Amino acid sequence: MLSAGERPQQPAMTNAAAVVDSTRGPVSKSPLTNSVANSMWGSTSSSNNNTTTRTTITAPQAEQIQHIWVVTGPAGCGKSTVGKGIQQALNIPFLEGDDFHTPNNKEKMSNGIPLTDADRWDWLISLRQAAIEALSPSETNNFHPPSGVVVACSALKQKYRDVMRVAAYGSPSVQIHFIYLKLDETMLLQRVMNRQAHYMKSSMVQSQLQDLEEPKGEWDALTVDVRASQAEVQTEVLELVRDTLARYR
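The structure displayed is predicted, hence computed values, not measured ones.

Q: Explanation requested: the pairing of strand β5 (residues 66-72) in the structure shown.
A: The buried count for β5 comes to seven of seven residues, which makes it a mostly enclosed element. Across the two faces of β5 the burial is the same, with Gln66, Ile68, Val70 and Thr72 and His67, Trp69 and Val71 all buried. Bridging between β5 and strand β8 (residues 174-182) involves seven bridges; their strand directions are parallel. In the sheet register, Thr72 faces β8, and the bridge partner there is Tyr180. As defined by bridge partners, β5 adjoins strand β7 (residues 148-152) across five bridges and the pair is classed as parallel. Residue pairing in the sheet places His67 in a bridge with Gly148 of β7.

And the structure:
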């Protein structure tokens, strides 16, 4: 179920922005300067001979907005299952984060070696780029881009989520949302051990939980308790998605 107090609030346009180095990840956070805010949100002003002119670009209409749904959480929480449920309900593309790991990353995880920040940067950046490409006109979508894309990505730390947030920077028509699937260690271990032919081993659950920074206080993130049945969880998530979309109408 949705945790109390975790329904997000739309941020002010001058919220802090994460500055991300494409090879080393987020390096700082700083408030948007007026010039950056103006370029991102379409508000400009000029003054000449005591005359001030202000031009404001109208916010995108609901049908123009594209949404990136990032389903997050440790191994075994059900990211792929929930993500594919959103995909089917909204008829939008789905990106499996595991598919974007390098062979070296997969080998490390299959041998029970935890990934480092350095291992994850290129993975996150390639996954982010894939999400951007999915929302762009192309031959794949007959030059009619979808209304959104679903991404299954553990995004265990806030700085990892900041890397994904860059996908929406500078584009008011793109909105990003994180759906964090919360589950206790015992159930995570049980689910991972029941997997067949997957490189992620149960020993990796503990290392992921050590890295985990739950998205508390992050306006674009919602937490769903996934201890219930798959059907109940899917219903809860889809209600959450529909409520979120309703705020843009």
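What follows picks up the thread again.
Q: Explain the packing of aromatic side chains to me, please; I cannot follow it from the model alone.
A: Inspection of every chain in the model, using the stated rule, returns one aromatic pair. Ring centres of Trp121 and Tyr160 lie 5.8 Å apart, and the angle between their planes is 85°; on these two criteria the pair is classed as edge-to-face. Separated by 39 residues along the polypeptide, Trp121 in helix α4 (residues 117-134) and Tyr160 in helix α5 (residues 158-165) bring together distant segments of the chain. Like Tyr160, Trp121 is buried.

Q: Would you mind going over the pattern of salt bridges with me for this structure?
A: Two side chains carrying opposite charge are able to pair once their charged atoms lie near each other. According to the stated counting rule, one finds eleven salt bridges in the structure shown. In this structure, Arg165 and Asp220 form a salt bridge, with 2.7 Å as the shortest nitrogen-oxygen distance. Residue Arg165 is located in helix α5, and its partner Asp220 is located in the loop between α7 (203-211) and β9 (221-225); the two are separated by 55 residues in the primary sequence. Asp220 carries the same exposure label as Arg165, and that label is buried.

Conventions adopted
Residues numbered from 1 in each chain as written. Predicted model: local features only at pLDDT ≥ 70, side-chain atom pairs only at ≥ 80, totals over all residues. Heavy atoms only, no water. Buried < 20%, exposed > 50% of the residue type's maximum accessible area, 1.4 Å probe, protein only. Helix = DSSP H or I, 4+ residues; strand = E, 2+ residues; numbered from the N terminus. Pairing = 2+ DSSP bridges. Phe/Tyr/Trp six-rings, centres within 6.5 Å; stacked < 30°, edge-to-face > 60°. Salt bridge = Lys/Arg side-chain N within 4 Å of Asp/Glu carboxyl O.

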